[in-house]
Amino acid sequence: MKTKRIHLMQFCVAILLLISSSVSAQKFIDKQGIITFEASEEAFEPVKATNSSVTMILNTETNEIAALALMKGFRFRNSLMEEHFNENYIESETYPKAKFIGRLLDFNYSSLSDSDTSVVVDGKIVLRGKEKQIRTTLNTKKSNGSIILQGSFKVTPADFDIEIPSIVRKKIANEIIVTLNFKLDAK
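Residues numbered from 1 in each chain as written. Predicted model: local features only at pLDDT ≥ 70, side-chain atom pairs only at ≥ 80, totals over all residues. Heavy atoms only, no water.

### Some words on the overall build of the chain
Stage number 1. When you go through the chain residue by residue, the secondary structure sums to two helices and nine strands.
Stage number 2. Taken from the N to the C terminus, the helices and strands of the chain come in the order α-β-β-β-β-α-β-β-β-β-β.
Stage number 3. Every one of the 187 residues in the chain was classed for burial, and the buried ones make up 41%.
Stage number 4. Carbon and sulfur atoms form 51% of the exposed surface of the chain, whose accessible area is close to 10,800 Å². (Helix = DSSP H or I, 4+ residues; strand = E, 2+ residues; numbered from the N terminus. Buried < 20%, exposed > 50% of the residue type's maximum accessible area, 1.4 Å probe, protein only. Areas by Shrake-Rupley, 256 points an atom, 1.4 Å probe, with all protein chains shown as cover.)

Here it is, written out as C-alpha cells:
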C-alpha cells in the first residue's frame, strides 16, 4: 500500500513540476487523448480496446511529458472481455491508472512545422505497480496551434506481471501493440 502511495505522490509531484517549472515555459495539454492497444491473434476474436480520455501534458521548455490513463476507460467490442480485462488482468480496482513520465529527445517546439517530424520519446510507463522503460519514435507536427503526437510501441503481459490463463493464452498475442494519438493545445 505504501508503494502505491509513493508512486502516486511521485506522479503528482512530476505533474506539478511540469505545470509550475517555469513561468515562461509553454505548456500544452490534451485531456481527450486516445490510446488503443491490440493483442489479437489472427484466428480468434479481436482483443482490442480504446481509451479516448487520456490526459497528457507537455512542457515545451524542458520537453518533459506526463500522461495518465484510467484503466476503466478502455472500451472493448465485447463487454465480457472488458470485464475480464478490468477484473482479472489489470485488476483496475487495485491499479486504477497507467502513467507515463518521460522526455521528448531533440524536440524543438519553435522549429516544429505542419509536416510530420520524427522525435524520440524516452520514459517509463507504470502499470499494475510495475515500471517498464519505453523508448520509441513518435510523429509530431503543428496543426492550427496544436501539437500532434502519434506513434506506437510494444509491451508484453509479462512486463507487468500479468498472467494469462492457459485456456486463453493462444487467443492473446505475446506482444501487445499500443498506439497513441494526442492533440495538445496551449494551456
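Structure's up, so let's keep going.
### Topic: the side chain of Thr-36
Stage number 1. Position of Thr-36 among the secondary structure elements: in strand S1 (residues 27–40).
Stage number 2. In this structure the side chain of Thr-36 is engaged in a polar contact, spanning 3.1 Å, whose partner is the side chain of Thr-50.
Stage number 3. Residues within four places of Thr-36 in sequence aside, it is in contact with Lys-48, Ala-49, Thr-50, Ile-177, Val-178 and Thr-179. (Polar contact = N/O pair within 3.5 Å; in protein donor to acceptor, adjacent residues only side chain to side chain. Contact = heavy atoms within 4.5 Å.)

### Observations concerning the packing of aromatic side chains
Stage number 1. As enumerated under the stated definition, the model contains six aromatic pairs in all.
Stage number 2. Here Phe-76 and Phe-85 contribute two aromatic rings whose centre-to-centre distance is 5.2 Å and whose plane-to-plane angle is 55°, an arrangement assigned as tilted.
Stage number 3. Ring-pair connections join several aromatic residues into one group, and the members of that group are Phe-37, Phe-74, Phe-76 and Phe-85.
Stage number 4. If you follow Lys-142 out to its NZ or CZ, it ends over the ring of Tyr-109, 4.4 Å from the centre. (Phe/Tyr/Trp six-rings, centres within 6.5 Å; stacked < 30°, edge-to-face > 60°. Lys NZ or Arg CZ within 6 Å of the ring centre and 35° of its normal.)

### What about the nonpolar core?
Stage number 1. Of all hydrophobic cores here, the largest spans 45 residues; its most connected members are Leu-104 and Ile-147.
Stage number 2. The element that contributes the greatest number of residues to this core is strand S9 (residues 172–186), accounting for seven residues.
Stage number 3. When residues no more than four places from it in sequence are discounted, the contact partners of Ile-147 are Phe-28, Leu-58, Thr-60, Phe-107, Tyr-109, Leu-112, Thr-140, Lys-141, Phe-182, Lys-183 and Leu-184. (Core = buried A, V, L, I, M, F, W, Y, C linked by side-chain atoms within 4.5 Å.)

### Details of the pairing of strand S5 (residues 97–105)
Stage number 1. Both strand S3 (residues 64–70) and S5 contribute to a ladder of seven bridges, which runs antiparallel. Bridge pairing links Ala-66 to Ile-101 in S5. (Pairing = 2+ DSSP bridges.)

### Observations concerning helix H2 (residues 79–89)
Stage number 1. For H2, the complete set of buried residues consists of Met-81, Glu-82, Phe-85, Asn-86 and Tyr-89. Taken around the axis of H2, the buried residues stretch over an arc of 130°, which confines them to a single face. Exposed side chains of H2 directed beyond 90 degrees from the buried face belong to Ser-79 and Glu-87.
Stage number 2. The inward-facing, buried residues of H2 contact S1, strand S4 (75–76) and S9.
Stage number 3. A distance of 2.7 Å separates the backbone nitrogen of Leu-80 from a side-chain oxygen at the start of H2, and that oxygen is part of Asn-78.
Stage number 4. In the segment just after H2, Glu-91 is the residue with positive phi, at about 55°. (Arc of directions from axis to C-beta.)

### Let's talk about the side chain of Thr-140
Stage number 1. Looking at the secondary structure, you find Thr-140 in strand S7 (residues 130–143).
Stage number 2. Ignoring sequence-local partners within four residues, the contact set of Thr-140 consists of Phe-107, Leu-112, Ser-115, Asp-116, Thr-117, Val-119, Ile-147, Ile-148 and Leu-149.

### Notes on the pairing of strand S2 (residues 48–59)
Stage number 1. As judged from the nine bridges shared by S1 and S2, these two strands associate in the antiparallel manner. Among the inter-strand pairings, Ile-29 is bridged to a residue of S2, identified as Ile-57.
Stage number 2. Of the pairings in the sheet, the one linking S2 to S4 comprises two bridges and is antiparallel in character. Its bridge partner being in S4, Thr-50 is matched across the sheet by Arg-75.

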